[in-house]
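Next come the chains, spelled out residue by residue.
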Amino acid sequence: MHIAVISDTHDQYAPGFPERLRAADEIWHLGDVCDPSVLVEFEQLGRPLSVVHGNCDNHPGWPEALDLVREGVRCHLTHIPPRRAPAGARLVLHGHTHVPRDETDAAGVRWLNPGCISRPNRGAPASFAWLTLEPGGGVTWKLVVL
């Protein structure tokens, strides 16, 4: 399963960016969409789109966090990274910092952040990521600099 992971659009993205996600089986947005109309082009790709609520969002239909299981891997999606990984989570995916992250903690939980596609900071370039989940639990994370 090939999942496009984006975060922190803040009402904007580069022209043609949604087309780069056409190969995705799913699209996960980790918050700070801001205006929900920003998602229209992503929805038009016809892929399942999961969105969590960011601190700059005002959309009552988006959850603060989502726990999804894909290919046997439990993924916890949220905008602001929690202090601890939820019980049973193998991957914690978050946005908020605008800085890419790929770290594994002492408990073996992998913490992933695709960075920001609209307003990167702290020297990080604009980016998103591809998460590939294989049957049996294989995980590949590939950061894509825009």
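Residues numbered from 1 in each chain as written. Predicted model: local features only at pLDDT ≥ 70, side-chain atom pairs only at ≥ 80, totals over all residues. Heavy atoms only, no water.

Asks: Would you mind showing me how to read the packing of aromatic side chains here?
Replies: Geometry of an aromatic ring pair is reported as the spacing of the ring centres plus the angle between the planes. Applying the stated criterion across every chain, the model contains five aromatic pairs. With a centroid separation of 6.4 Å and 50° between ring planes, the pair formed by Tyr13 and Phe17 is classed as tilted. Among the aromatic residues, ring-to-ring pairing joins Tyr13, Phe17, Phe42, Phe128 and Trp130 into one connected group. (Phe/Tyr/Trp six-rings, centres within 6.5 Å; stacked < 30°, edge-to-face > 60°.)

Asks: It is not clear to me how the pattern of salt bridges should be interpreted in this structure. Could you clarify?
Replies: Pairing between side chains becomes possible if they bear opposite charge and their charged atoms approach one another. With the rule as written, the count across this model stands at five salt bridges. Note that Asp67 is salt-bridged to Arg74, the shortest N-O span being 3.2 Å. Classification of Asp67 as partly exposed rests on a relative accessible area of 40%. Across the salt bridge formed by Arg110 and Asp102, the nearest N and O atoms sit 2.8 Å from each other. (Salt bridge = Lys/Arg side-chain N within 4 Å of Asp/Glu carboxyl O. Buried < 20%, exposed > 50% of the residue type's maximum accessible area, 1.4 Å probe, protein only.)

Asks: Before we go on, may I ask you to explain the sheet that holds strand β4 (residues 65-70) in this structure?
Replies: Hydrogen bonds between backbone groups are what pair the strands of a sheet, and the pairing can be parallel or antiparallel. Strands sit in the order β4-β5-β6-β8-β7 across an open sheet of five strands; the sheet is mixed. Of all the strands in the sheet, the pair left with one neighbour each is β4 and β7 (101-104). Averaged over neighbouring strand pairs, the angle between their axes works out to 20° when direction is ignored. The pairing of β4 with strand β5 (residues 73-78) spans six bridges and is classified as antiparallel. In the sheet register, Leu68 faces β5, and the bridge partner there is Cys75. (Pairing = 2+ DSSP bridges. Helix = DSSP H or I, 4+ residues; strand = E, 2+ residues; numbered from the N terminus. Axes fitted to C-alpha atoms, helices over the stretch in contact; angles between N-to-C directions.)

Asks: I tried to follow unusual backbone geometry on my own but got confused; where do I start?
Replies: A negative phi holds for most residues other than glycine; trans holds for most peptide bonds. Non-glycine residue His10 carries a positive phi angle of around 45°. Tracing the backbone shows His10 in the loop between β1 (2-6) and β2 (26-29). We classify His10 as buried; its relative accessible area is 9%. A positive phi is found at Glu71, a non-glycine position, where the angle reads about 55°. Positionally, Glu71 belongs in the loop between β4 and β5. We classify Glu71 as partly exposed; its relative accessible area is 32%.

Asks: Please explain the sheet that holds strand β3 (residues 49-51) as it appears in this structure.
Replies: Strand order in the open sheet formed by five strands is β3-β2-β1-β9-β10, with mixed pairing between adjacent strands. Each edge of the sheet is formed by a strand with only one pairing partner; in this case those strands are β3 and β10 (139-145). Here the average twist between neighbouring strands, direction ignored, is 20°. Direction of pairing for strand β9 (residues 127-133) relative to β10: antiparallel, over a ladder of seven bridges. The residue bridging Leu131 from the neighbouring strand is Trp141, located in β10.

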